Amino acid sequence: MTEGLTVTVQNYNTFNELDKSLFARYYLGYPYCLEKVSSFLLEPESLKQAIAEIKELGLESYLVTPPIMQSDDFNLLEKLIEEAVECGLDGVEVNDVGMLDFIKKWPSLKISAGHFINIYHSSAAKEYERDGVTTIIPNSELTLDELTEISGQVESDTEIVVYGNLALGFAYDCLLKNAYQSECQQQCNKPHILVKNGFRMRSIGRANVTAADFCLLEQVEKLKNIKSCFWRLEMYQDSAQKINKVANIFKNCMNGEEASKYLKELEGLADYGLCNGWFFGKTGHDYVASKQEVKS
Amino acid sequence: MLDVELLAPAGSFKAAQYAIEEGADALYLGLSGVSMRPRRAEFDKEELDKTIKLIHSKGKKAYVVANIFPKSYDVDFFKDALEDIYRMEADAIVVSDIWSLRYVKDNFKNIEAHVSIQASVSSDKTAAFYERNGADVIVVSRSMPNLEDIKRIRKAVSCRLEVFAHGGICFMYDGNCYMSSHFEQKIKFDKERNIHRVYGQNNTKGECHLVCKRPFELRENGSTLAKGCLMRRNDQVGLRDLPLYIESGINIFKLEGRAMADNYVKRAVKLYRQAIDTYLNDSAGYTVAEKWLSQAEDLKEYRLEYERKWKIK
């Protein structure tokens, strides 16, 4: 049973153009770099504005925090969280376990344990529930069966990425700064692709993400069987227009429409094709059409 | 007396013998299927037991690595492995996440739990979280270049701290890289365990395809911006920074190499034993001998040999 769609949004401009009727929960921020200009993490006023608008609609706002935080990163986020809580922030997406203790200062906050927490099975998920986690976002390197095992065993909601660009790694160094041999000029705003023969990844500086759009549209019937599950659009790099289109398609399929009718449209939106990640236990960059499923 | 320990890799019984002969204080080694390394660099139960006994008979310590992130079908297998390691009287179990850490602390007495390099601990608060949950040793991230950050971690915790002193560095933070399984991953039938499962190649298992060591082309809007091994980072050589690490509160100096040749272990341990002893005997007079740097350079050849086994082009 799906609880609704969630979406990741990195800045106010994108947020402002989203169709607010499509989403139950908004993840505001950007996990991959604290130097990202115009990101909610560097623009507290925009963040507060978005939180207020979300609250007025009776929906949920979460602040996305980075993986592998340095000691100073906590100081940087402290004031931001403080102000966001005052404006009605509902929760925080945690990607570094150090945040679990840190955010106890704000007991009203709910906690989503993000992809980088590396939850691979239900016993681990339950451990994080002991630390106050209320939504489990399992690691993406999991199959349908493994995702179902987790959601079936936990009290929390689960949240599964159904579309977008999956994280393939997070680095200390910025690959784009190195390639341009310059200080940060926000080159990550442009699409940079790492190519080796037929294998592609998108570089966004300190992280690589899938170049192909991860897509589970053809698997919506299976996803509906996962208990208390939000469907997440992980679309930090995409325009509001694309996010709205994708969300509409998933919403329609959530309500019983045939996925196959929308597949071509999604393919048209994806510059580098589609992939299934690890959903079928296969190589992440493959796309397995529903007719060719492998036994996971 | 400073609490400084040289921690050597042991991917084989021979490597363990070499490491002991050359002066390692402790050895880390893995049990088959749970230690983030290819099977050839892990031990089966009988070999592990024999090797731990050898290590103890020479007065050294044995840290057994169980730092995969188990999947649901691995959990019982993983718990059995922890039980086996405990029964073999290892000095420590090295784990990667909070579930494994708490499992070790809740179920086993008189054995240390070390938080693995896979946890990429980079901040005082993250280290404090693990210590509060029972960590006896925390390995700080090998991507952490800043001694100030290490000092802040030192201030935040009282447990021992370990640093990656020598070896290759991945582009991505450890425990947060999914490039390998995106590149290639297979599910096969495991006769031993009677299950279909993923064979290595992902963040959870340790048979990495070394994607970050491979040449790539970086394109922007169809034009080539750069070509080559864009994600390859320089090897860590900790000889120069050894005094700074010790003075920042690092206790354990780990050398990479469970999957490397036995001779690599012999030479690497010998080199770092010499450096640590030089510092301990005369910290103010510590200098890095030219011949040490050339020996460290020679060790790189073993890494390249390892990479060639993966046919990286």
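What comes next is a walk through the structure. (Residues numbered from 1 in each chain as written. Chains lettered and ligands numbered in written order. Predicted model: local features only at pLDDT ≥ 70, side-chain atom pairs only at ≥ 80, totals over all residues. Heavy atoms only, no water.)

### Points about the packing of aromatic side chains
We apply this condition: Here the aromatic set is Phe, Tyr and Trp, taking the six-membered ring for Trp, and pairing holds for ring centres within 6.5 Å; pairs whose planes are under 30 degrees apart are stacked, those over 60 apart are edge-to-face, and all others are tilted. Three exposure classes are used, based on accessible area relative to the maximum for each residue type with a 1.4 Å probe and protein chains only: buried under 20%, partly exposed in between, and exposed over 50%. Charges are assigned to positions over rings by a cutoff of 6 Å between ring centre and Lys NZ or Arg CZ, combined with an angular limit of 35 degrees from the ring normal.
Applying the stated criterion to the full structure yields 27 aromatic pairs over all chains. Between phenylalanine 279 of chain A and phenylalanine 280 of chain A the ring centres are 5.4 Å apart and the planes differ by 85 degrees, which places this aromatic pair in the edge-to-face class. You'll find phenylalanine 279 of chain A and phenylalanine 280 of chain A in the same group, each marked buried. Each member of the aromatic cluster is reached from another via a ring pair, and the members are Tyr30, Tyr32, Phe116, Phe170 and Tyr236 of chain A together with Tyr173 and Tyr178 of chain B. Directly above the ring of phenylalanine 164 of chain B sits arginine 142 of chain B, whose terminal nitrogen or CZ lies 5.0 Å from the centroid.

### Considerations on empty space enclosed by the protein
Let me state the cut-off plainly: A 1.4 Å probe that fits but cannot get out identifies a cavity on a 1 Å grid over protein atoms alone, an open set with protein on both sides within 12 Å along at least five of seven lines counts as a pocket, and a residue lines either if it has an atom within 4 Å of a point. Grid points are joined across faces, edges and corners, and a volume is the space filled by probe spheres set on the points. Each helix is a run of H or I in the DSSP string that is no shorter than four residues. Each strand is a run of E no shorter than two, and both are numbered from the N terminus.
In total, this model carries 6 cavities of 30 Å³ or more according to the counting rule given. When its volume is computed, the largest cavity comes out at roughly 750 Å³. The wall of the largest cavity is formed by 40 residues, among which Met36, Arg37, Arg142, Cys170 and Asp174 of chain B lie closest to the centre. Taken together, the elements giving at least two residues each to the lining of the largest cavity come down to strand 7 (160-167), strand 8 (172-177), helix 7 (179-183) and helix 10 (290-309) of chain B. In terms of residue count, strand 8 of chain B provides more of the lining of the largest cavity than any other element does, 5 residues in total. Estimates place the volume of the second largest cavity at around 170 Å³. Forming the boundary of the second largest cavity are 18 residues, of which Val97 and Phe116 of chain A together with Ala119, Tyr130 and Asn176 of chain B lie nearest the centre. Of all the secondary structure elements, the ones that give two or more residues to the lining of the second largest cavity are helix 5 (124-132) and strand 8 of chain B.

### Quick word on the nonpolar core
Keep this limit in mind: Here the nonpolar core consists of buried residues drawn from Ala, Val, Leu, Ile, Met, Phe, Trp, Tyr and Cys, with membership extended through side-chain atoms lying within 4.5 Å.
Grouped together as the largest cluster of nonpolar side chains are 207 residues, with contacts concentrated most on Tyr163 of chain A together with Tyr130 of chain B. Broken down by element, this core gets its largest block of residues, 9 residues, from helix 9 (residues 262-281) of chain B. Leu7, Tyr63, Val65 and Ala92 of chain B belong to the second-largest nonpolar core, a separate cluster that totals 9 residues.

### Topic: the sheet that holds strand 8 (residues 167-171) of chain A
The test is simple: Here, a strand pair is defined by DSSP locating no fewer than two bridges between the strands. The angle between two axes is taken between their N-to-C directions and runs from 0 to 180 degrees, where each axis is a line fitted to C-alpha atoms and a helix contributes only its stretch in contact.
Taken in spatial order, the 7 strands line up as 8(B)-8(A)-11(A)-10(A)-9(A)-11(B)-12(B) in an open sheet, and their pairing is antiparallel. Each having just a single partner strand, strand 8 and strand 12 (223-228) of chain B make up the two edges of the open sheet. Taking each pair of neighbouring strands and ignoring which way they run, the sheet shows an average axis angle of 30 degrees. In this structure, strand 8 of chain A lies alongside strand 11 (residues 207-210) of chain A, joined through 3 bridges in antiparallel fashion. Bridging across to strand 11 of chain A, alanine 167 of chain A finds its partner in valine 209 of chain A.

### Things to note about the packing of helix 5 (residues 122-130) of chain A against helix 4 (residues 98-107) of chain B
Our working definition: In what follows, roughly perpendicular refers to angles from 65 to 115 degrees, roughly parallel to angles under 35, roughly antiparallel to angles over 145, and oblique to any angle outside these ranges. Contact between two residues is taken to exist if any of their heavy atoms lie within 4.5 Å; hydrogens are not considered. Amino acids outside the nonpolar list (Ala, Val, Leu, Ile, Met, Phe, Trp, Tyr, Cys, Pro) and the charged list (Asp, Glu, Lys, Arg) are all regarded as polar, and Gly is one of them.
Close contact between helix 5 of chain A and helix 4 of chain B brings their axes to 9 Å; oriented N to C, the two are set at 85 degrees. Accordingly, the angle class assigned to the pair helix 5 of chain A and helix 4 of chain B is roughly perpendicular. From helix 5 of chain A, Ser123, Ala124, Glu127, Tyr128 and Arg130 of chain A reach across to helix 4 of chain B, where they touch Ile98, Trp99, Arg102 and Asp106 of chain B. Of the residues assigned to the contact of helix 5 of chain A with helix 4 of chain B, the class counts are 4 nonpolar, 1 polar and 4 charged.

### Topic: the pattern of salt bridges
The following threshold applies: Should a side-chain nitrogen of Lys or Arg be within 4 Å of a carboxyl oxygen of Asp or Glu, the pair is scored as a salt bridge.
Counting across every chain of the model gives 45 salt bridges over all chains. In this structure, arginine 273 of chain B and aspartate 25 of chain B form a salt bridge, with 3.1 Å as the shortest nitrogen-oxygen distance. Residue arginine 273 of chain B is found in helix 9, and its partner aspartate 25 of chain B is found in the loop between helix 1 (13-21) and strand 2 (26-30); the two are separated by 248 residues along the sequence. Looking at arginine 273 of chain B, the relative accessible area reads 12%, which means it is buried. A relative accessible area of 24% places aspartate 25 of chain B in the partly exposed class. Note that aspartate 84 of chain B and lysine 45 of chain B form a salt bridge whose closest N and O atoms lie 3.3 Å from each other. With aspartate 84 of chain B in helix 3 (residues 75-87) and lysine 45 of chain B in helix 2 (residues 45-57), the pair connects residues that are 39 residues apart, well separated along the chain. Beyond isolated ion pairs, a larger network of salt bridges with shared partners links Arg25, Glu60, Glu93, Lys110, Asp157, Glu159, Arg232 and Glu234 of chain A.

### Description of helix 6 (residues 144-153) of chain A
Residues and elements named next belong to chain A. The criterion, for reference: Throughout, the arc means that of the directions going from the helix axis to the C-beta atoms.
When we look at burial in helix 6, the residues that qualify are Leu144, Glu146, Leu147, Ile150 and Ser151. Around the axis of helix 6, the buried residues are gathered within 165 degrees of arc, so they sit on the same side. Elements that come into contact with the buried residues of helix 6 comprise helix 5, strand 6 (135-136), strand 7 (157-164) and helix 8 (220-224).

### A closer look at the packing of helix 1 of chain B against helix 2 of chain B
Residue and element names in this part refer to chain B. Following both chains from N to C, one finds helix 1 and helix 2 inclined at 10 degrees, their axes separated by 10 Å at the closest point. Relative to helix 2, the element helix 1 is oriented roughly parallel. Within the contact between the two elements, helix 1 uses Phe13, Ala16, Gln17 and Ile20 and helix 2 uses Lys50, Thr51, Leu54 and Ile55. A class-by-class count of the residues in the contact of helix 1 with helix 2 yields 5 nonpolar, 2 polar and 1 charged.

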